[in-house]
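Working through the structure, step by step
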Amino acid sequence: MNLEHSKFSLTIICVQLALLILFILFSCYKSDADASDVKHSTIPAYGGATPKQNSISHYDSLFQDVHVMIFIGFGFLMTFLRKYGYSAVGYNMLIASIAIQWSIICRGIFHHDKNGLIPVDITSLINGDFAAAAVLITFGAVLGVTSPFQLVSICLIEVFLYALNEYIGIELLKAIDVGGSMFIHTFGAYFGLALSLVLRKNSESESKNEGASYTSDIFAMVGTVFLWMFWPSFNGAMAEGDDQHRAVINTVLSLSASCICTFAISAIVSAENKFNMVHIQNATLAGGVAVGAVADLMLRPYGALIIGSLAGLLSTVGYTYVTPFLQSKLNLHDTCGVNNLHGMPGIMSGLAGAVMAVIASETDYGIGLYKQYPAMAPEMNSSHLQELRKDLTSIEPGDGRTAGQQALFQLLALGVTLCIAIIGGAVTGLIMRLPLFGQVPDAHLFDDSKLWEVPEEEENVETHKGETNQSFEMKSGKE
Amino acid sequence: MNLEHSKFSLTIICVQLALLILFILFSCYKSDADASDVKHSTIPAYGGATPKQNSISHYDSLFQDVHVMIFIGFGFLMTFLRKYGYSAVGYNMLIASIAIQWSIICRGIFHHDKNGLIPVDITSLINGDFAAAAVLITFGAVLGVTSPFQLVSICLIEVFLYALNEYIGIELLKAIDVGGSMFIHTFGAYFGLALSLVLRKNSESESKNEGASYTSDIFAMVGTVFLWMFWPSFNGAMAEGDDQHRAVINTVLSLSASCICTFAISAIVSAENKFNMVHIQNATLAGGVAVGAVADLMLRPYGALIIGSLAGLLSTVGYTYVTPFLQSKLNLHDTCGVNNLHGMPGIMSGLAGAVMAVIASETDYGIGLYKQYPAMAPEMNSSHLQELRKDLTSIEPGDGRTAGQQALFQLLALGVTLCIAIIGGAVTGLIMRLPLFGQVPDAHLFDDSKLWEVPEEEENVETHKGETNQSFEMKSGKE
Amino acid sequence: MNLEHSKFSLTIICVQLALLILFILFSCYKSDADASDVKHSTIPAYGGATPKQNSISHYDSLFQDVHVMIFIGFGFLMTFLRKYGYSAVGYNMLIASIAIQWSIICRGIFHHDKNGLIPVDITSLINGDFAAAAVLITFGAVLGVTSPFQLVSICLIEVFLYALNEYIGIELLKAIDVGGSMFIHTFGAYFGLALSLVLRKNSESESKNEGASYTSDIFAMVGTVFLWMFWPSFNGAMAEGDDQHRAVINTVLSLSASCICTFAISAIVSAENKFNMVHIQNATLAGGVAVGAVADLMLRPYGALIIGSLAGLLSTVGYTYVTPFLQSKLNLHDTCGVNNLHGMPGIMSGLAGAVMAVIASETDYGIGLYKQYPAMAPEMNSSHLQELRKDLTSIEPGDGRTAGQQALFQLLALGVTLCIAIIGGAVTGLIMRLPLFGQVPDAHLFDDSKLWEVPEEEENVETHKGETNQSFEMKSGKE
């Protein structure tokens, strides 16, 4: 154990040092966070922006909302295991911290300035949170069966592949996905499932420790509800104006529908027709995933309700039938059921994105169509572009794609995401099986007490009135 | 049980389908969430608003704050019952989801465009949260003694009456109530009390399950504190400029005073002069309710302190003396004591609204008086209006009410609210007594385990070091 | 006990009454919260600001974020004691409420208008939260060993000294400290340590009740994570434009580094090389403290990482070695280890502030240097000032300090803060030893049940399936 932990400590110190060196070499403040760039300062005489116009005032509360989803939302959602709460919320914080820093570097490979420097601003932090989300979804698939050393290693590999996939999908394929349903949720889920399949092959993942307590289930609801509430900010963070406005409306409506359908279906499919907390903790959120890729589009309020309802249905059915099926047939262990919350609803969202692209037209979007789908803008020098620019000079030349072509590219982005996620996850699983990384022994699965100092139950203390039965003492180095 | 639950599932599926059809028929995006409306798009060439000027950027963080109050605040406040936490936070989420959708339709009956369509925007969602708040207050009165089927049915009736009462109060009577102390808190509380009185008439509401545990009390404080913190956004969400500024200041000061007074009074009135968590969880919030109807007015900081202090006093005394009195005299069971937190402080706020109207003058508000109290603006074609319009062309003609008349209309709105709430709640209680709706058997009161799969206590697992006594296993379909 | 509590109740009623009278005499709304000041109303015809330009729209979400840190963050962080959760979150709310009101008066002594009135606006509330933070840090040092009567008294003394020290540091010494690392964290921590040293001199602070449970540790993580997430808003709340932008970036990066280093060091220094929840709950936050005084400066991303890493290291080592050392050598009891989280990292931040001042130049800040460090602006009538004003008319004359002089003033402010905090804390400790204030008997340390009604463990209830072992009943006045 000591050896394992020293390896872990040494590794993450090296990781932080390496990240520090990369930041020294390659990072700088973006212009409107840079005091020496007077154009973006608060000094009007220099043509500086007023405080209101600095991008921080637009993004600050959106960033904070997304931040809450990553650290409270994901962190507490995973505390549902009765003996793994310290690890859930603690490793969540550790992994997300590494992911934020490392994603700035990885995304910088694809988005840097002409001096090779990576300009850091508030959107870097939001995108860092997005990358962290993908890794935390993967964490959900292998919760309780991986060591912190493995988790950090997985994080480093996954964030790079995340940035690569995002670059291919958005920059090369010019697919759109405002809420990251493909690039974050689908990617994180199938990376995690492939990883779990390979990593835990031939392993016994069943454990008497894997289960919830009444208290841990309510802690998990803290995570659920914060994810549920701030999802509109997640889906709308990178949109502007009326696009952002629609993203918020559609996400709220979709989530409310998935919540309602989850309750309906949970009572039907569960044992004794009782509600199941696993469904309520997870499937209520599926509407947020499923609407992600289309949240800013002209989905209309009823479109959002349809997507949310189907997502709640799909996800609840997934928890009841698909997860046990995969477990028994493939020995695929998926601790949090990320396939049901992020995987299948993410694919559903990618497909919805293709459908919405097929029906996208100037009737629905006006000239804004070419901002929403930049690749559908006419090509450079085309007469159509000249004409459009009479109305809107800022329009950028695109690829002149038809709606059908855009739909195919949306599907292509979904396919590429699935490929990179599954292959990447599987290869990462193989790497994690190397002796270097160690394996969590079966007796240590889902159990904080092996790697954390946990309070010991008081046994011989005289009980007096008013004392609760939650009485523990700190166990300190006695074992 | 199965039969009950199938009925529930079938019902809420039908409810969601019906809502979907209503949304298909009657909803549309409001102009600044509609991409086809270029005037509200991000395209300046069309005269479009810049992203900053889209109403989403004004309302987004206010909406998120209110959203937190509804789902975390109300949800966790009600987890104080030690065996009813799943139901509290779960049903809270379900009911609020239905209320948000249904309130958009119900309010649309009174506020639709000339084509009969209901334009949906971010304020629709905030108003949806407000409607949900009223229903959740009612839920608090009957927490633990109603089935989910009953709760959904109550929600459907109450949201309609809520929208009707709000229309009468604001549009017809032209009363003002920025924080909804009358239209949300008073309405929700007395609807719930009348409902509880009729529904539980002749029933035994006493149960050994009704009580808190040390852990459940701390979970409840999560709800309390989030309600307490975000109440300034609740009271200020629908105000603008200096009105919103005052709403925030007054609400913070009022809440701080009610917190201080609650601690003082709790120690005096409680058994053995100890603090009582029920008071701290609830009466500390009374200042937010009591200041609601006057939060945006020229209350001055000391006015806010006076209201908050009195509200804390009133509410704590209510929990200690009024609730037991009503329970013993009328057999009126009020699980969360909503009369003390929302009822009496809501009435107090309504009365304060009348007092503030009486003393409202141009001295305090300048010409803004006629924006604050639109009915006090001079009538169409009056010479006073002509004169005012020299200074402010945008002023709308009103009813030329005097301050005293406005005060009477404020009182009238309070009276109408009480009537609709009490009659509506009582009739709803009668309906809920129909055999169709079933009744929660006494043995099932305040107990999650009857309708939820709950983890079962591990009994025969060998205890080893570091294991806590919170060890459960999932009970699955064995009963 | 009764006597004690009556004294408490009477005292805080008097405190609230006194505050009310002070507010009546001395408070008013600041102009942009005052309806009668048409220039700041929403009425453009009077030259009124539009709603967007009212300062509430800039500060509202920042205020709410800081508010969450004070009430959820500090409140729940201190619930880690297994038998002191009611007190932790309850007294936190009480003390902070008093601090907000009282700080408006105390700061008003130094910042009032020409009529002697204190203009209240949204920044008064943010500054109120800051003052509350200092008191709550002090509360952390003596958590579990002070009565509520003592806590309220300490709060009243400390807030006055806080306002005095802030006035000396910012107005007289013209030191800068955007995140309050000196004026809030260092001040609160050393005030608390000196208080604890004097108050608990010769007392036994060891108690079998002082310890965490598995559940209480997870509640504490709610506090930790909310503090961690919203710290960027804390450090950036009072900055504008690109300064605020940097404050957010630097704080996020510093916190992520301190989180990573805390995990690394915790595993090395802890017993059996296990992670220690005390470290994760606290030292992960040290990066937020340590970057506070320099968060808005041109620290660059790597600078933030260095500070955060060192802070995580320093704080974890502090918990492992420094706290036990001070306990054994000085009998200095520091319940929450505020020396490690707020004290040493606060001093570190003050020193970093001096270093950053030494290297500050127009190269890094452009002409904005004289806004960032107002005392470095040229003196009135100097030719340098004339020249600068050609570019920026709004520049205020300063003291013409060199970078080195500014650094000395930064150190001076740190020194003054330490002096006022330590002397003030020690004197307060002496006062708290007066018989008037009573002392918490050893048997009552760290134990809610002495001053709160706590649920009693159910002992003779027949256990049935589905019942958890967290079964309590309300103990009501039976003892």
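Since the structure is predicted, the reported quantities are computational estimates derived from the model, not experimental observations.

**Observations regarding the overall build of chain A**
When helices and strands are tallied, chain A shows 16 helices and four strands. Relative to the compact-globule value of 23 Å for 479 residues, chain A shows a C-alpha radius of gyration of 24 Å, a close match. Projected onto its principal axes, the C-alpha coordinates of chain A cover approximately 85 × 55 × 50 Å. Expressed as a percentage of contacts within chain A between residues at least 6 apart in sequence, the contacts between residues at least 24 apart total 77%. Of the roughly 14,400 Å² that chain A leaves accessible, carbon and sulfur atoms contribute 63%. Seen as two clouds, the 25 positive and the 42 negative side-chain charges of chain A have centres 4 Å apart.

**Digging into the pattern of salt bridges**
Under the counting rule described, the total for this entry stands at 25 salt bridges over all chains. One salt bridge in this structure joins Arg-200 of chain A and Asp-442 of chain A, with 4.0 Å as the shortest N-O distance. Here Asp-442 of chain A lies in the loop between α16 (403-432) and β3 (455-457) and Arg-200 of chain A lies in the loop between α6 (181-199) and α7 (214-236), a separation of 242 residues in the sequence. The shortest N-O distance in the salt bridge between Asp-121 of chain B and Lys-30 of chain B comes to 3.8 Å. Of the two residues, Asp-121 of chain B sits in the loop between β2 (118-120) and α4 (122-141) while Lys-30 of chain B sits in the loop between β1 (27-29) and α2 (55-77), which places them 91 residues apart along the sequence. Assessed through its relative accessible area of 4%, Asp-121 of chain B is described here as buried. Connected via shared salt-bridge partners are Lys-174, Asp-399 and Arg-401 of chain A.

**Some details on a nonpolar patch on the surface**
All names here are of chain C. Judged by side-chain polarity, Ile-423, Val-427, Ile-431, Leu-434 and Leu-436 come together as a nonpolar surface patch covering roughly 420 Å² of accessible area. Take Ile-431: it is sitting in helix α16 (residues 403-432). A relative accessible area of 30% means that Ile-431 is categorised as partly exposed.

**A word on the packing of aromatic side chains**
Counting across every chain of the model gives 57 aromatic pairs over all chains. Note on Phe-8 of chain A and Phe-275 of chain C: the rings are 5.4 Å apart at their centroids and 80° apart in plane angle, and the pair reads as edge-to-face. Here Phe-8 of chain A is found in helix α1 (residues 2-26), whereas its partner Phe-275 of chain C is found in the loop between α8 (241-269) and α9 (277-282) on a different chain. An aromatic cluster is present here, built from Phe-8, Tyr-86, Tyr-91 and Trp-452 of chain A together with Tyr-214, Phe-263 and Phe-275 of chain C joined pairwise through their rings. Over the ring of Phe-409 of chain B we find Arg-401 of chain B, and its NZ or CZ is 3.5 Å from the ring centre.

**Focus on empty space enclosed by the protein**
Enumeration over the complete set of coordinates arrives at 13 cavities of 30 Å³ or more. As a volume, the second largest cavity reaches approximately 150 Å³. Lining the second largest cavity we find 17 residues, and of these Asp-65 and Phe-230 of chain A, Asp-65 of chain B together with Asp-65 and Phe-230 of chain C sit closest to its centre. Sorting the residues of the lining of the second largest cavity by element identifies α2 (55-77) and α7 of chain A, α2 and α7 (214-236) of chain B together with α2 (55-77) and α7 (214-236) of chain C as the ones contributing at least two each.

**Notes on helix α11 (residues 300-330) of chain B**
Residue Gly-318 of chain B marks the point of greatest curvature in α11 of chain B, where the axis turns by about 50°. Backbone geometry just after α11 of chain B places Asn-331 of chain B at a positive phi near 50°.

**What to know about the environment of Met-238 of chain B**
Residues and elements named next belong to chain B. You can see Met-238 is positioned in the loop between α7 and α8 (241-269). Judged by its relative accessible area of 31%, Met-238 falls in the partly exposed class. On a C-alpha basis, the gap between Met-238 and Ala-163 in space is 16 Å, while along the polypeptide they are 75 residues apart. With residues up to four places along the chain from it excluded, the contact list for Met-238 reads Thr-123, Ile-126, Asn-127 and Phe-130.

**Some remarks on the state of the cysteines**
Tallied over the full model, the rule gives zero disulfides over all chains. Of the cysteine sulfurs around Cys-259 of chain A, a residue in no disulfide, the closest is that of Cys-261 of chain A, at 9.4 Å. Summary of cysteine pairing: Cys-28 of chain C is not part of a disulfide, and the nearest cysteine sulfur, belonging to Cys-106 of chain C, is at 17 Å.

**Side note on the side chain of Glu-158 of chain A**
Counting through the fold element by element, Glu-158 of chain A comes out in helix α5 (residues 148-172). Buried charged residue Glu-158 of chain A carries no salt bridge. Nearest counter-charge: Arg-107 of chain A, at 14 Å.

**Looking at unusual backbone geometry**
Located in the positive-phi region is Lys-174 of chain A, a residue other than glycine, with phi close to 50°. We classify Lys-174 of chain A as partly exposed; its relative accessible area is 31%. In this model, Asn-273 of chain C sits at a positive phi of 55°, which is unusual for a non-glycine residue. As for its placement among the helices and strands, Asn-273 of chain C is situated in the loop between α8 and α9. Given a relative accessible area of 13%, Asn-273 of chain C falls into the buried group.

Rules of the game
Residues numbered from 1 in each chain as written. Chains lettered and ligands numbered in written order. Predicted model: local features only at pLDDT ≥ 70, side-chain atom pairs only at ≥ 80, totals over all residues. Heavy atoms only, no water. Helix = DSSP H or I, 4+ residues; strand = E, 2+ residues; numbered from the N terminus. Rg over C-alpha atoms; globule rule 2.2 N^0.38 Å. Contact = heavy atoms within 4.5 Å. Areas by Shrake-Rupley, 256 points an atom, 1.4 Å probe, with all protein chains shown as cover. Lys, Arg positive; Asp, Glu negative; His and termini not counted. Charge placed at Lys NZ, Arg CZ, Asp CG, Glu CD. Salt bridge = Lys/Arg side-chain N within 4 Å of Asp/Glu carboxyl O. Buried < 20%, exposed > 50% of the residue type's maximum accessible area, 1.4 Å probe, protein only. Patch = residues over 30% accessible without salt bridge, like charges linked within 9 Å, V, L, I, M, F, W, Y side chains within 5 Å. Phe/Tyr/Trp six-rings, centres within 6.5 Å; stacked < 30°, edge-to-face > 60°. Lys NZ or Arg CZ within 6 Å of the ring centre and 35° of its normal. 1 Å grid on protein atoms, 1.4 Å probe; cavity = no way out; pocket = protein on both sides within 12 Å on 5 of 7 lines; lining within 4 Å. Points joined across faces, edges and corners; volume = space filled by probe spheres on them. Bend = angle between axes of the 7 residues up to and from the residue. Disulfide = S-S within 2.5 Å.

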